[in-house]
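The primary structure of each chain is shown beneath.
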Amino acid sequence: AQSVAQPEDQVNVAEGNPLTVKCTYSVSGNPYLFWYVQYPNRGLQFLLKYITGDNLVKGSYGFEAEFNKSQTSFHLKKPSALVSDSALYFCAVRPLSGGYNKLIFGAGTRLAVHP
Amino acid sequence: DAGVIQSPRHEVTEMGQEVTLRCKPISGHNSLFWYRQTMMRGLELLIYFNNNVPIDDSGMPEDRFSAKMPNASFSTLKIQPSEPRDSAVYFCASSDGTGELFFGEGSRLTVL
């Protein structure tokens, strides 16, 4: 079955410290991978995506993610966290089969950045 | 571009009433998705359309739920009759085929 796992319900980090939000996936073939962020009472916003090429992808607001095929992971990272980064983060995968843009989302990880 | 537009933003209704949620996708996008978000179940895909045609409605929870896309610029999600367990935030999203989904701000439904 195709799935996305975000093993941490919540990640706490101090402002200025590096942060990592973990994501692993289980799909056949080489999928497209995405990260989205959701602020309170808002819709999901696109952060970054991996399709092919360099395993390190850079996105919005200083975030980046590293695709690791052998570990089937796509962890989200930022070198220095800001309090304003506090939000709900979703990893998503688009299986290459099917031909449409259907995304499978993880359960989400709440990031709390403390001053 | 105004982005994906959803209405209403908030809806409070009583059990048994009909609820209609509306979505206007981004112009030129050929795929449209309806998601439901709850604390217990997270983000669930209910149904998606490609070129106005429903492709996969396996996520629609019951026959009480129905969705239509009469043209490329409008879609509705209808619940009839509504029940308290339908209370959730319903999101519409559209895509242009690049893989990225653009989400609306959501419709928060409360069924009393």
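### What about the pattern of salt bridges?
For the structure shown, the criterion picks out 13 salt bridges over all chains. Between Glu64 of chain A and Lys58 of chain A there is a salt bridge, with its nearest N and O atoms 2.9 Å apart. The partner of Arg64 of chain B in a salt bridge is Glu83 of chain B, with the nearest N and O atoms 3.5 Å apart. Remark: Glu83 of chain B occurs in the loop between β8 (74–79) and β9 (88–95) and Arg64 of chain B occurs in the loop between β6 (53–56) and β7 (65–71); sequence separation between them is 19 residues. Take Arg64 of chain B: its relative accessible area is 10%, and that puts it in the buried class. Look at Glu83 of chain B and you get partly exposed, because its relative accessible area is 23%. Through salt bridges with shared partners, one network takes in Glu62, Arg64, Glu83, Arg85 and Asp86 of chain B.

### Some remarks on the pairing of strand β12 (residues 109–114) of chain A
Residue and element names in this part refer to chain A. As paired elements, strand β2 (residues 10–14) and β12 share five bridges and run parallel to each other. For Val11, the partnering residue across the bridge sits in β12 and is Leu111. Across three bridges, the pairing between strand β10 (residues 87–94) and β12 is antiparallel. Note on β12: the bridge partner recorded for Leu88 is Arg110.

### Section: the layout of surface pockets
If you add up the space inside the largest pocket, you get close to 610 Å³. Among the secondary structure elements, those contributing two or more residues to the lining of the largest pocket are β10 of chain A together with β4 (31–38), β5 (42–50), β9 and β11 (107–111) of chain B. Class assignment for the residues of the lining of the largest pocket results in nine nonpolar, 10 polar and six charged. Looking at the second largest pocket, its volume works out to about 260 Å³. Of all the secondary-structure elements, those providing two or more residues to the lining of the second largest pocket are β6 (44–50) of chain A together with β10 (102–103) of chain B. For the lining of the second largest pocket, the per-class residue count stands at six nonpolar, three polar and three charged.

### Observations regarding the sheet that holds strand β3 (residues 19–24) of chain B
Each strand in a sheet pairs with another by means of backbone hydrogen bonds, the pair being arranged parallel or else antiparallel. Residue and element names in this part refer to chain B. Within the open sheet, the four strands sit side by side as β1-β3-β8-β7. Their pairing is antiparallel. On the outer flanks of this sheet lie β1 (5–7) and β7, each paired with one strand and no other. The sheet shows a mean angle of 15 degrees between the axes of neighbouring strands, direction not considered.

### Topic: the interface of chain A and chain B
The partner chain B presents 23 residues to the 19 residues of chain A that form the contact. Regarding the contact of chain A and chain B, the summed buried area is about 1,700 Å², with carbon and sulfur atoms giving 52% of it. Joining chain A to chain B, the criterion identifies two salt bridges. At the junction of chain A and chain B, the tally comes to seven residue pairs in polar contact (both at pLDDT 80 or more). Sorting the residues of the side of chain A that touches chain B by element identifies β5 (32–38), β6 and β10 of chain A as the ones contributing at least two each. At four residues, the largest contribution of residues to the side of chain A that touches chain B is made by β5 of chain A. Taken together, the residues of the side of chain A that touches chain B break down into 11 nonpolar, four polar and four charged.

Conventions used here
- Residues numbered from 1 in each chain as written.
- Chains lettered and ligands numbered in written order.
- Predicted model: local features only at pLDDT ≥ 70, side-chain atom pairs only at ≥ 80, totals over all residues.
- Heavy atoms only, no water.
- Salt bridge = Lys/Arg side-chain N within 4 Å of Asp/Glu carboxyl O.
- Helix = DSSP H or I, 4+ residues; strand = E, 2+ residues; numbered from the N terminus.
- Buried < 20%, exposed > 50% of the residue type's maximum accessible area, 1.4 Å probe, protein only.
- Pairing = 2+ DSSP bridges.
- 1 Å grid on protein atoms, 1.4 Å probe; cavity = no way out; pocket = protein on both sides within 12 Å on 5 of 7 lines; lining within 4 Å.
- Points joined across faces, edges and corners; volume = space filled by probe spheres on them.
- Nonpolar A, V, L, I, M, F, W, Y, C, P; charged D, E, K, R; others polar.
- Axes fitted to C-alpha atoms, helices over the stretch in contact; angles between N-to-C directions.
- Contact = heavy atoms within 4.5 Å.
- Buried area = accessible area lost by both parts, 1.4 Å probe.
- Polar contact = N/O pair within 3.5 Å; in protein donor to acceptor, adjacent residues only side chain to side chain.

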